[in-house]
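Overview (structure and organization)
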Amino acid sequence: MKQQLETIKETAKKAILECENERAIEEIRVKYLGKKGELTAILKQMGSLSAEERPVMGQLVNEAKQKLEELISQKSNELKAKATELKLKAETVDITMPAKVKKQGKLHPLNTVLNDMIDIFQSMGFDVLDGPEVETDHYNFECLNVPADHPARDMQDTFYLGENLLLRTQTSAAQIRTMETRKPPIRVICPGRVFRADEVDATHSPVFHQIEGLVVDKGITMCDLKGVLEQFAREIYGPDTKVKFRPSFFPFTEPSVEVDVTCSKCSGGGCRVCKGSGWIEILGAGMVHPNVLRSCGIDPDVYSGFAFGIGLDRLTTTRYKISDIRLLFENDKRFLEQF
Ligand code: DAH
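Now for a description of the structure that goes with this document. (Residues numbered from 1 in each chain as written. Predicted model: local features only at pLDDT ≥ 70, side-chain atom pairs only at ≥ 80, totals over all residues. Heavy atoms only, no water.)

What follows covers unusual backbone geometry. The omega angle of the peptide bond from Pro-184 to Pro-185 is 5°, so this bond is cis rather than trans. Mapped onto the secondary structure, Pro-185 falls in the loop between α7 (173-181) and β4 (186-195). Backbone torsion omega between Glu-254 and Pro-255 reads -5°, so that peptide bond is classified as cis. Residue position: Pro-255 is located in strand β7 (residues 253-262). Backbone geometry places Asn-145, a non-glycine residue, at a positive phi of 65°. (Helix = DSSP H or I, 4+ residues; strand = E, 2+ residues; numbered from the N terminus.)

Pasting the structure below:
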């Protein structure tokens, strides 16, 4: 029996040391120390021993049991520690690893400039209105004092969709819609896309953007026009910007002006951007023609007003020193990501 006990002890010890996981250790515990285990079986044979042998053997079995229990718990702790270590290692966060860069969308430069312009005009009390891109001849030309034989109506300039339907060639059409629906005092801007059958090149595109402005009230004069547009130019181009008003002609304004600002690239010295002149033309404007007021049911003897049309694309290319207007429409991400 003693020999049997020795063998059990040795094989159990070996098996415990070779264990690789907790389940295997548990199996060994059951195999040797469980109710039907090998050591328990020996204890059950004790009855066959003599009265002298019994306590000696009993002690030996108990010692062996204790030893195995000790080994099992030792090994089990070891395995547990090892498992925890492995788990921690697998879950380690390497805080020195560079973070993943999340790409964030940005505003298109045209939108950035438009938002700035809207802020400027809103701070001067202007409302922002919208107008349709598909217009009738009536709003785009007729009411704006552009007679039927005016060259602007030429098929080469205007995209016609039907006899009287066209893609608006100017946001000025929104002036008429505004005056039809609002009564003075009127102070609005109408930003939007306009369309002309132009050949595409570095400075021309068949689609471009304008911001129309309209002020109508009693006693509005050219001084109001100058004040508003000078303030606008200084806020967009900086406080030292000089503004020049040149006489011009538009069918829907009288008198009419074109407005230049000192070139933001060379500050007026002359460079490629301003073609050596030191000035950049940014808008057309004038006092609303009495015929236009009349066509909208506003009495020109009581009310007067001024209007202006700003080219958003030109403003954007000069502000960001963009050499080709086509870049604004191609949506090349490498270009857009620079802003
Ligand atoms: N509609 C003109 C154009 O497209 C720009 C313009 C000039 C608008 C004078 C105006 C204005 O409101 O008063 O060239």
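Further remarks concern the sheet that holds strand β5 (residues 207-217). What links the strands of a sheet is backbone hydrogen bonding, and the strands pair in either a parallel or an antiparallel sense. Here seven strands make up an open sheet; going across it, the order is β1-β4-β5-β9-β8-β7-β6 and the pairing mixed. Single-partner strands in this sheet number two, and they are β1 (127-128) and β6 (243-250). The pairing of β6 with β7 spans seven bridges and is classified as antiparallel. Among the inter-strand pairings, Phe-245 is bridged to a residue of β7, identified as Val-259. Its contacts with the sheet place helix α8 (residues 222-237) against β6, β7, β8 (279-288) and β9 (304-311), and it is angled at close to 150° to β8. Across the face of the sheet, helix α10 (residues 312-319) comes into contact with β5, β8 and β9 while running at roughly 50° to β9. (Pairing = 2+ DSSP bridges. Contact = heavy atoms within 4.5 Å. Axes fitted to C-alpha atoms, helices over the stretch in contact; angles between N-to-C directions.)

Here the structure, examined in full by the defined rule, presents 15 salt bridges. Among the salt bridges present, the one from Glu-133 reaches Arg-193, with a minimum N-O distance of 3.0 Å. Of this pair, Glu-133 sits in the loop between β1 and β2 (134-136) while Arg-193 is found in strand β4, placing the two residues 60 residues apart along the sequence. When its relative accessible area of 37% is taken as the criterion, Arg-193 is described as partly exposed. (Salt bridge = Lys/Arg side-chain N within 4 Å of Asp/Glu carboxyl O. Buried < 20%, exposed > 50% of the residue type's maximum accessible area, 1.4 Å probe, protein only.)

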